[in-house]
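Structural overview for review
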Amino acid sequence: MSLATHAPERPALTADHLLDAPLPQLLAEFAVDVVTSRITDPTFTGGAAVRPDGSLLFAKPAGRSAAEWDMLARAMLGQALRVPMPELPAPYRITEP
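When the charged atoms of two side chains with opposite charge come close together, those side chains can pair. Applying the stated criterion across every chain yields a total of four salt bridges. For the salt bridge of Arg-74 with Asp-70, the shortest nitrogen-to-oxygen distance reads 2.7 Å. Note that Arg-74 and Asp-70 are positioned in helix H3 (residues 66–81) at a spacing of four residues, about one turn of the helix. By relative accessible area, Asp-70 is classed as partly exposed at 26%. Across the salt bridge formed by Glu-96 and Arg-82, the nearest N and O atoms sit 3.0 Å from each other.

Attention shifts here to H3. With 16 residues, H3 should cover 22 Å at 1.5 Å per step; its first-to-last C-alpha distance of 22 Å lies within 8% of that length. Within H3, burial applies to Glu-68, Trp-69, Leu-72, Ala-73, Arg-74, Ala-75, Met-76, Leu-77, Gly-78, Ala-80 and Leu-81. Those residues of H3 that are buried lie in contact with helix H1 (15–20), helix H2 (23–29), strand S1 (33–37), strand S2 (47–50) and strand S3 (56–61). Two residues or fewer after H3 comes Arg-82, characterised by a positive phi angle close to 60 degrees.

Relative to S3, S2 is paired through four bridges, and the arrangement is antiparallel. Bridging from a neighbouring strand, Gly-47 pairs with Ala-59 of S3. The antiparallel hairpin formed by S2 and S3 contains five residues in its connecting segment, where Gly-54 sits at a positive phi of about 95 degrees.

With that settled, consider the nonpolar core. Soluble globular proteins tend to pack their nonpolar side chains together in the buried interior. Leu-18, Phe-30, Val-32, Phe-58 and Leu-77 are the most contacted members of the largest nonpolar core, which has 17 residues in total. Broken down by secondary-structure element, the contributors of at least two residues to this core are H1, H2, S3 and H3. By residue number, the principal contributor to this core is H3, which donates six residues.

Counted under the stated rule, the structure contains one aromatic pair. Taking the centre distance of 6.4 Å and the plane angle of 85 degrees together, the rings of Phe-58 and Trp-69 count as edge-to-face. Taken as a pair, Phe-58 in strand S3 and Trp-69 in helix H3 lie far apart in primary sequence, eleven residues in all. Taken as a pair, Phe-58 and Trp-69 share a single burial class, namely buried.

Right, let's get into the sheet that holds S2. Spatial ordering of the open sheet is given by S1-S3-S2, a layout of three strands whose pairing is mixed. Either end of the sheet is taken by a strand with one partner, and the two such strands are S1 and S2. Within the sheet, the average angular offset between the axes of one strand and its neighbour, ignoring direction, is 20 degrees. Set on the sheet, H3 makes contact with S1, S2 and S3; between it and S3 the angle comes to about 155 degrees.

Rules of the game
Residues numbered from 1 in each chain as written. Predicted model: local features only at pLDDT ≥ 70, side-chain atom pairs only at ≥ 80, totals over all residues. Heavy atoms only, no water. Salt bridge = Lys/Arg side-chain N within 4 Å of Asp/Glu carboxyl O. Helix = DSSP H or I, 4+ residues; strand = E, 2+ residues; numbered from the N terminus. Buried < 20%, exposed > 50% of the residue type's maximum accessible area, 1.4 Å probe, protein only. Expected span 1.5 Å × (residues − 1). Contact = heavy atoms within 4.5 Å. Pairing = 2+ DSSP bridges. Core = buried A, V, L, I, M, F, W, Y, C linked by side-chain atoms within 4.5 Å. Phe/Tyr/Trp six-rings, centres within 6.5 Å; stacked < 30°, edge-to-face > 60°. Axes fitted to C-alpha atoms, helices over the stretch in contact; angles between N-to-C directions.

Okay, here's the thing in structure tokens:
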């Protein structure tokens, strides 16, 4: 299930909006809940889940830089909303089960 199928009527989302708006504003705009993950694996850079009601939950790794979290949260939001986004720099990538 995609959050995009549950979003209220609004103008088409763009990558520019997801890249330019302040991250706290984006998380509030899309009612994204963020929890700090206890996963200590250095290769874990975050996670996202779409709940049955269409809302999003992001898992933020503890101990990562604000810049890294900003980049990854925006990428996860773009993926969840099915907005084409620029590719992440290596070695980052978004995967889906």
